[in-house]
Every structure is written in C-alpha cells, then in structure tokens.
Amino acid sequence: MEHLRTVADVMTRGGVCVDRGTAFKDIVETMRMWNISVLPVLAEDGQVAGVVSEADLLLSTQASDPDRATTAERLMTRPAVTVPTTATIQAAARVMARGHLKRLPVVDGDGHLVGVVSRGDLLKVYLRPDADIGTEIRELIMLRLIPRGSAEVHVHVDNGIVYLHGSIPDPSMEDVLVRAVGTVPGVVDVRADFTVPVSS
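Residues numbered from 1 in each chain as written. Predicted model: local features only at pLDDT ≥ 70, side-chain atom pairs only at ≥ 80, totals over all residues. Heavy atoms only, no water.

One pass over the full model with this rule turns up 9 salt bridges. As a salt-bridge pair, Glu 73 and Arg 78 come within 3.2 Å of each other at their nearest N and O atoms. Taking the relative accessible area as the measure of exposure, Glu 73 reaches 25% and is therefore partly exposed. Given the relative accessible area of 45%, Arg 78 is considered partly exposed. For Asp 175, the salt bridge goes to Arg 179, with nearest N and O atoms at 2.9 Å. Within this pair, Asp 175 and its partner Arg 179 are both found in helix 8 (residues 172–182), separated by 4 residues, close to a single helical turn. Taking the relative accessible area as the measure of exposure, Asp 175 reaches 41% and is therefore partly exposed. One connected set of salt bridges, linked through shared partners, spans Arg 20, Glu 44, Glu 73 and Arg 78. (Salt bridge = Lys/Arg side-chain N within 4 Å of Asp/Glu carboxyl O. Buried < 20%, exposed > 50% of the residue type's maximum accessible area, 1.4 Å probe, protein only. Helix = DSSP H or I, 4+ residues; strand = E, 2+ residues; numbered from the N terminus.)

Structure (structure tokens):
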C-alpha cells in the first residue's frame, strides 16, 4: 500500500463547490445530490471565499422572515478553514478536531481550491498493513535514530499498535524512539518496554 503522508495523498480532487451567487434552493439540491453536508464557496478568482454547511442553511430558516432567495454569499461562514495540499494527515486531523469539522477544503499556494478532504479520507492511513509499518519503523530506527551496535530494538506491529522492546544504553532514548515511531503513517499507538544495562 502506498504511503499516505499528506492531505494531497488522500483528498478528493476537484470536489463539489458553489459560487457566491448560488441560491439557497440550489445549495440544498447540490448537497442532496452529492450526499455532502458542507460546500466550499468560491470567489470569482477561484479562491475559497467561505463554506456553507447544513447548519448555515438551517439557521437561515429560523429567521422570522426567512428569505429563500438568499445566496451562498449571505449564508456562508467566512473566512473558510482550509488546509494546504502539503499539510500532514495528522495536522489536518487536528484542525478538524479543534473545529469539529467533517470536511476541509484543500487549497494550493495561491488559495485556489484543488480538492476536499473528509474525516473518512484521513482515516485511510490506518488501513496500511502492519508489515509495511514495521518495515518503515525498523529502517527509521536502524538508519536514523540509533548508532550501529549501540542498542538492540525489536519491533512488533499488531493492528497498528507498535510494540518496542530490547535494550537501550540511555533511558532518555525511549522517549525519542516512541515519539519518532508515533509519526510513522498508520501507527495507532506505541508501547515500549526497554531494559537499560546497569553501569558498573
């Protein structure tokens, strides 16, 4: 399975969107047709001007004199919360969690919409096979983190949970290893159980 590291690796390219002049009824119909709850709203230059959600639509219906001719320009939440294509999957997940968001517009360096990423998209990384995760972790540890012959680290991966054990020369190395391994795509949790030789 390919390595899924950035938003660009998992997003839906293009994505459904509306412009600022799109009417209330057309927004509802677009959401129904594509079975989505959030739509990016694009300005004339293609940049993301805002987003309109089902919640925005429902709020407008609570007005004392709701105007069904209302457009996306009036309904949308602005500024839109977006992520760049280069954002890591972990960074995008944090943005979604903090904002209680289900979908995020993905933009290029000029702020133009290039895709949309959902919570489900971000979870694809956890479909990565355990064997692939283990191979990458062993390479990371042996080639980048531990000088040759200075420690003995064994790696076992089960359903995305990484188990590390063996012997390390310095207790502080455990924290370094756990943090580094936790950044490997597909890792759900890291559990370490090392022994440290007692110096004479």
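For the bond running from Arg 78 to Pro 79, omega is -10°, close enough to zero to count as cis. Inspection of the secondary structure assignment puts Pro 79 in the loop between helix 4 (72–75) and strand 5 (83–84). With phi around 55°, Asn 35 is a residue other than glycine that occupies positive phi space. Although it is not a glycine, His 100 sits at a positive phi angle of roughly 50°. Mapped onto the secondary structure, His 100 falls in the loop between helix 5 (89–99) and strand 6 (103–107). Looking at His 100, the relative accessible area reads 68%, which means it is exposed.

This part is about the side chain of Ser 53. Examined against the element boundaries, Ser 53 turns out to sit in strand 4 (residues 48–53). Leave out the neighbours within four places in its chain, and Ser 53 touches Met 31, Ser 37 and Val 38. (Contact = heavy atoms within 4.5 Å.)

What follows is about a nonpolar patch on the surface. Residues Leu 123, Tyr 126 and Val 188 make up a contiguous nonpolar surface patch of roughly 310 Å² in combined accessible area. Among the residues examined, Leu 123 registers a relative accessible area of 54% and is labelled exposed. (Patch = residues over 30% accessible without salt bridge, like charges linked within 9 Å, V, L, I, M, F, W, Y side chains within 5 Å. Areas by Shrake-Rupley, 256 points an atom, 1.4 Å probe, with all protein chains shown as cover.)

Taken in spatial order, the 3 strands of this open sheet run 2-3-4, and their pairing is mixed. At either end of the open sheet lies a strand with only one pairing partner, and these are strand 2 (18–19) and strand 4. Across the face of the sheet, helix 2 (residues 24–34) comes into contact with strand 3 (38–42) and strand 4 while running at roughly 130° to strand 3. (Pairing = 2+ DSSP bridges. Axes fitted to C-alpha atoms, helices over the stretch in contact; angles between N-to-C directions.)

Let us look at the sheet that holds strand 7 (residues 113–118). Taken in spatial order, the 4 strands of this open sheet run 1-7-6-5, and their pairing is mixed. Whereas interior strands pair on both sides, the edge strands pair on one side only; in this sheet they are strand 1 (12–13) and strand 5. Bridge count for strand 5 against strand 6 is 2 bridges, and the pairing is parallel. Within strand 6, the position partnered with Pro 84 by the bridge is Val 107. Running at roughly 135° to strand 6, helix 5 makes contact with strand 5, strand 6 and strand 7 of the sheet.

Here we take up the side chain of Ser 37. Locating Ser 37 in the fold gives a position in the loop between helix 2 and strand 3. The residues touching Ser 37, leaving out its near neighbours within four places in the chain, are Met 31, Val 52, Ser 53, Glu 54 and Lys 102.

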